[in-house]
Number of protein chains: 2
Amino acid sequence: MGAGMSGRRAFTHLGEDARRSALIDATLDCIAEGGPQAATVRAIAARAGVTPGLIRHYFASKEELVAQAHEALMTGLTETSASALDALPADPLARLAGFVAKAVTPPVADARAVALWAASMQLVPRDPAMRAVHAATYLDFRDRLEGLIAEALHAAGRPADAATARRLAIAGNALLDGLWIEASVLPEHVASDEARTIAVDAFARLLGVELPAP
Amino acid sequence: MGAGMSGRRAFTHLGEDARRSALIDATLDCIAEGGPQAATVRAIAARAGVTPGLIRHYFASKEELVAQAHEALMTGLTETSASALDALPADPLARLAGFVAKAVTPPVADARAVALWAASMQLVPRDPAMRAVHAATYLDFRDRLEGLIAEALHAAGRPADAATARRLAIAGNALLDGLWIEASVLPEHVASDEARTIAVDAFARLLGVELPAP
DNA sequence: TCCGGGTTTATACGATTGTATAAATGCACA
DNA sequence: TGTGCATTTATACAATCGTATAAACCCGGA
């Protein structure tokens, strides 16, 4: 592309942190697009706009890069979900409805996120570190949902004991997970607005309360 | 191991169909154990007890072998679920409860199955054939669940219209999927009997009926 | 018993992978 | 404006990947 007759390609220093996260982002992009086997050292470097050798300068091995990429993905997902809480209404019932609706509609529900999640799911049974991250993020989300459920039940005048709230949170979490997956993977069979309606309606039935349409 | 001083290793003819399915089983074992990247031609052949070249005699390429392995996995799962219906009681309420309980407890819920499912999930967005198989099995299971739900509601004296039954089936399917995943991946956080209790209780709340403990 | 044909093994090849090492470069600081 | 040093590139290497091809083998039918 008219890069001149020869010579070494130009480059700019970017700083350790920025370069690290750029490489991590490139790794996630590669995995999302073509699965783990597509995330080769050369493909990652090409997408990050650097040469392959640089990866080994910031990560002891490709395995370490992939592990850190998955950790960044997980923490990013939980942070997104946590910050979404701030934008929700204060009324406990509307709050729960809004939380549930957001969890199964775009941009939370999208094919890339599910592809990455499935990729990490494959590592969880084998890699203890991945397993720990998965358990932590799972329990974090579940606890947050349990809090919303408890407050909603209290506001509706039928508070539940701790054991019931916990069981409802487990069931609700599973419901959101499954709906999130199908709405992302098969959007033509589970449309976006339909997923929202179904999720809110199911939660209303689970808790035995009326939930406002978000 | 005392195989003699040299010579070609002994082997036996197995027949086309048997060898094909043996290679497919070996492929699934490899994927379940170490993910797709562990399912190399040599690893598959070693697990099947043959030499690598034989794979290319039965499959035009490794890609074709993997595709057929995933198809076999999917159809196997649906057949298992379908045949499980025969062993369930005739009473619609007990039948639904039993179906739900079986879906989230071993042997349906196990780490190997989830690992394979996650692996196939990664191919679904990219591979049209995998996408078609996934959609078919998903809709198949969902339709079966919708039938059970409709019959249970009818037996309980509060029949639902078609749209409601469909929405309940989608929600119930998502609930079973999510619980199946977590019970398989994190059995220490969602114990087996707890998953059964939660699932049946959640379905009772969803449908607004009393379900017998299976 | 032997022989034909499909099954299986053995070996090799090019491409791609992760990794290692040295040289060149851009940038902060004097 | 030069200079030190971390950053980045370039190149090379061994291992492993999927694939190709020819030879050896097992087994059923004559």
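It should be emphasised that the depicted structure is a prediction, and the values quoted were computed from it without experimental measurement.

Definitions and cut-offs
Residues numbered from 1 in each chain as written. Chains lettered and ligands numbered in written order. Predicted model: local features only at pLDDT ≥ 70, side-chain atom pairs only at ≥ 80, totals over all residues. Heavy atoms only, no water. Near = heavy atom within 4 Å. Polar contact = N/O pair within 3.5 Å; in protein donor to acceptor, adjacent residues only side chain to side chain. Helix = DSSP H or I, 4+ residues; strand = E, 2+ residues; numbered from the N terminus. Nonpolar A, V, L, I, M, F, W, Y, C, P; charged D, E, K, R; others polar. Expected span 1.5 Å × (residues − 1). Buried < 20%, exposed > 50% of the residue type's maximum accessible area, 1.4 Å probe, protein only. Contact = heavy atoms within 4.5 Å. Domains from an automatic or database assignment. Buried area = accessible area lost by both parts, 1.4 Å probe. Salt bridge = Lys/Arg side-chain N within 4 Å of Asp/Glu carboxyl O. Core = buried A, V, L, I, M, F, W, Y, C linked by side-chain atoms within 4.5 Å.

**Observations concerning the protein's contact with DNA strand C**
Contacts to DNA strand C come from 24 residues, most closely from Val41, Arg56 and Lys62 of chain A together with Thr51 and Tyr58 of chain B. In DNA strand C, atoms within 4 Å of the protein come from the sugar-phosphate backbone in 70% of cases. Arg42 of chain A places a polar side-chain atom, nitrogen or oxygen, 3.0 Å from a base oxygen of DNA strand C. Between a phosphate oxygen of DNA strand C and a main-chain N or O atom of Thr12 of chain B, the distance comes to 3.4 Å. Listing elements by their share of the surface near DNA strand C, those giving two or more residues are α2 (41-48) of chain A together with α1 (16-34) and α3 (53-58) of chain B.

**Focus: the protein's contact with DNA strand D**
In the region of DNA strand D, 25 residues are neighbours, and Thr51 and Tyr58 of chain A together with Val41, Arg56 and Lys62 of chain B sit closest. Expressed as a percentage, the sugar and phosphate content of the atoms of DNA strand D within 4 Å of the protein is 69%. Contact between DNA strand D and His13 of chain A: a sugar or linking oxygen at 3.5 Å from a side-chain N or O atom of the residue. Sort the elements by how many residues they give to the surface near DNA strand D and helix α3 (residues 53-58) of chain A lands first, with four residues. For the surface near DNA strand D, a count of residues per class yields seven nonpolar, nine polar and nine charged.

**Concerning helix α4 (residues 62-86) of chain B**
Residue and element names in this part refer to chain B. In this model α4 runs 37 Å from its N-terminal to its C-terminal C-alpha over 25 residues, within 8% of the 36 Å that 1.5 Å per residue would give. Every buried residue belonging to α4 is among Leu65, Val66, Ala69, His70, Leu73, Met74, Thr78, Ser81 and Leu85, and all of these are buried. Looking at the packing, one finds that the buried side of α4 touches α1, α2 (41-48), α3, α5 (92-103), α6 (111-123) and α7 (128-155).

**Observations regarding the environment of Met74 of chain A**
Residue and element names in this part refer to chain A. Within the secondary structure layout, Met74 lies in helix α4 (residues 62-86). On the accessibility criterion, Met74 (6% relative accessible area) is buried. Taking the C-alpha atoms as reference points, Met74 and Val133, separated by 59 residues in sequence, lie 7.4 Å from one another.

**What to know about the domain arrangement of chain A**
Residue and element names in this part refer to chain A. Under the domain assignment, chain A is made up of domain 1 (12-59) and domain 2 (63-207). Taking the mean C-alpha position of each, domain 1 and domain 2 sit 29 Å from one another. In this assembly, 11 residues from domain 1 lie in contact with 13 residues from domain 2. At the boundary of domain 1 with domain 2, total buried surface from both sides reaches about 1000 Å², with 79% on carbon and sulfur atoms. Linking domain 1 with domain 2 are one salt bridge. A salt bridge links Arg112 to Asp29, with the shortest nitrogen-to-oxygen separation between them at 2.5 Å. Summed over the shared surface of domain 1 and domain 2, the number is one residue pair in polar contact (both at pLDDT 80 or more). Here the element with the most residues in the side of domain 1 that touches domain 2 is helix α1 (residues 16-34); it accounts for seven residues. Grouping the constituent residues of the side of domain 1 that touches domain 2 by class yields nine nonpolar, one polar and one charged.

**A word on the nonpolar core**
In terms of nonpolar packing, the biggest core is built from 100 residues, with Leu96 of chain A together with Leu96 of chain B touching the most fellow members. With near-sequence residues (within four places) excluded, Leu96 of chain A lies in contact with Leu145, Leu148, Ile149, Ala152, Phe203, Leu207 and Leu211 of chain A.

**Concerning the interface of chain A and chain B**
In this assembly, 44 residues from chain A lie in contact with 44 residues from chain B. Of the roughly 4000 Å² buried between chain A and chain B on both sides combined, carbon and sulfur atoms contribute 65%. At the surface where chain A touches chain B, the tally comes to four salt bridges. Across the pair Arg166 of chain A and Glu194 of chain B runs a salt bridge whose closest N-O atoms are separated by 2.5 Å. On inspection of chain A and its partner chain B, the count reaches 10 residue pairs in polar contact (both at pLDDT 80 or more). Elements represented by at least two residues in the side of chain A that touches chain B include exactly α1, α6 (111-123), α7 (128-155), α8 (162-185) and α9 (192-207) of chain A. Tallying contributions element by element places α8 of chain A first for the side of chain A that touches chain B, with 14 residues. Taken together, the residues of the side of chain A that touches chain B sort by class into 25 nonpolar, seven polar and 12 charged.

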